[in-house]
Amino acid sequence: NIGATLTSFSNDYDNTTRPQGTAWDIGAYEYVDTLTIATVSLSVATVDEQYSQTLTASSGTEPYTWGLFSGSLPEGLFLLSDGVISGTPVTEGTYTFTVEVADDEANTAIQELSITVEAAIAVNNPPVLASIGNNTVNEGALLEFTITATDEDDDSLTLTADNTPTGAVFTDNG
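Residues numbered from 1 in each chain as written. Predicted model: local features only at pLDDT ≥ 70, side-chain atom pairs only at ≥ 80, totals over all residues. Heavy atoms only, no water.

Draft legend 1. Looking closely at the side chain of T98. When you line up the elements, T98 lands in strand β10 (residues 93-102). Other than its neighbours up to four places away in sequence, T98 contacts L68, F69, S70, I110, Q111 and E112. (Helix = DSSP H or I, 4+ residues; strand = E, 2+ residues; numbered from the N terminus. Contact = heavy atoms within 4.5 Å.)

Rendered as structure tokens:
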């Protein structure tokens, strides 16, 4: 209604004064973003390997502060207040927990998450033979040398020799 007299005023969500009246509708609606946790799944972790994943939130007012609402993370993993789950898990399994985020205006949201920790893939590293260098011997003379090997996995080693020359003797003293 052009020229209508507005009879009252009230404050909106942002505390801005807005005219109100019984005969005049200004058609104003306010939308308030609801703080939500956008992360709904986590990547798989591996025992004894470094893990890091950042949780994300949407809406609300930054900065966000994160915490564990219920349950527990796998041993060796930690939730930092900036939303990063990091550390080195030590036990395989599936762990379910609930995280909470708070925004700068004390709005909160919670989200249940699960993380699966898988066993480490066993790697068997090959043994390493120590160099014996170049050896020269006259025909008919005795050549004797020691072969040593190490194994970074601490596996038991057995030494064997194939295609030795005639008269050669190989002894595993290990």
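Draft legend 2. A look at the sheet that holds strand β5 (residues 51-54). If you trace the three strands from one edge of the open sheet to the other, you get β5-β9-β8, paired in antiparallel fashion. Looking at strand neighbours, the two that pair on one side only are β5 and β8 (77-79), the edges of this open sheet. On average, adjacent strands in this sheet sit at an angle of 15 degrees to one another, irrespective of strand direction. Inspection of the sheet shows β5 paired to strand β9 (residues 84-87) by four bridges, in the antiparallel sense. Following the sheet pairing, T54 is matched in β9 by V84. (Pairing = 2+ DSSP bridges. Axes fitted to C-alpha atoms, helices over the stretch in contact; angles between N-to-C directions.)

Draft legend 3. Just unusual backbone geometry, in detail. Cis rather than trans, the peptide bond between E62 and P63 has omega equal to 5 degrees. Position of P63 relative to the elements: it lies in the loop between β6 (57-58) and β7 (65-71). At D154, a residue that is not glycine, the phi angle is positive and equals roughly 60 degrees. The residue D154 is located in the segment after β13 (149-150) in this model. With relative accessibility at 71%, the residue D154 sits in the exposed group. (Buried < 20%, exposed > 50% of the residue type's maximum accessible area, 1.4 Å probe, protein only.)

Draft legend 4. Just the layout of surface pockets, in detail. Of the volumes computed, that of the largest pocket is approximately 750 Å³. Across the lining of the largest pocket, the residue classes tally to 13 nonpolar, nine polar and two charged. (1 Å grid on protein atoms, 1.4 Å probe; cavity = no way out; pocket = protein on both sides within 12 Å on 5 of 7 lines; lining within 4 Å. Points joined across faces, edges and corners; volume = space filled by probe spheres on them. Nonpolar A, V, L, I, M, F, W, Y, C, P; charged D, E, K, R; others polar.)

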